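Residue-level structural notes
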Amino acid sequence: VQLQASGGGLVQPGGSLRLSCAASGGTFSRYSMGWFRQGLGKDREFVAAITSTGITTYYADSAKGRFTISRDNAKNTMYLQMNSLKSEDTAFYYCAAASRLYFSRRPSENDFGSWGQGTQVTVSS
């Protein structure tokens, strides 16, 4: 499956952004999906994940209460709604797909076999 992330940009602290990840070339509803991010000089880190049906979601502690992951299988698209953004949320955000219907625990990078190219999110006044 090929993934295309979009929706990044420059936003002020406290603002909101919605990222999208469009999938093609595979049966989207058979993949569990995730978002990761990588700040300048930092390792890539898990942000959120969602199972194939959208029933179960997972969040990093830094994202809980501020970010919401969702998906629309009819549109082959996953979303990340980010609210109350902070400067430390500044990073490249990547979407990823895992060839499984669900996760038995919070996933890690190794669970994902397909990655999008990333979209830059900058939180600054």
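Residues numbered from 1 in each chain as written. Predicted model: local features only at pLDDT ≥ 70, side-chain atom pairs only at ≥ 80, totals over all residues. Heavy atoms only, no water.

**A look at the pairing of strand β3 (residues 17-24)**
The pairing of strand β1 (residues 2-6) with β3 spans five bridges and is antiparallel. Looking at the pairing, Leu3 lines up with Ala23 of β3. As defined by bridge partners, β3 adjoins strand β8 (residues 77-82) across six bridges and the pair is classed as antiparallel. Bridge pairing links Leu17 to Met82 in β8. (Pairing = 2+ DSSP bridges. Helix = DSSP H or I, 4+ residues; strand = E, 2+ residues; numbered from the N terminus.)

**Here's the deal with the sheet that holds β8**
Pairing between the strands of a sheet comes from backbone hydrogen bonds, and it takes one of two forms, parallel or antiparallel. Taken together, four strands build an open sheet; the order of strands is β1-β3-β8-β7 and the sheet is antiparallel. At either end of the open sheet lies a strand with only one pairing partner, and these are β1 and β7 (67-72). In this sheet, adjacent strand axes meet at a mean angle of 15° when their direction is disregarded. (Axes fitted to C-alpha atoms, helices over the stretch in contact; angles between N-to-C directions.)

**As for the environment of Asp89**
Residue placement: Asp89 occurs in the loop between β8 and β9 (91-98). For the pair Asp89 and Thr68, spaced 21 residues apart in sequence, the C-alpha separation works out to 14 Å. Those residues in contact with Asp89, other than ones at most four positions away along the chain, are Arg37, Arg66, Phe67, Ser84, Val121 and Val123. Polar side-chain contacts of Asp89 include one of 2.7 Å to the side chain of Arg66. (Contact = heavy atoms within 4.5 Å. Polar contact = N/O pair within 3.5 Å; in protein donor to acceptor, adjacent residues only side chain to side chain.)

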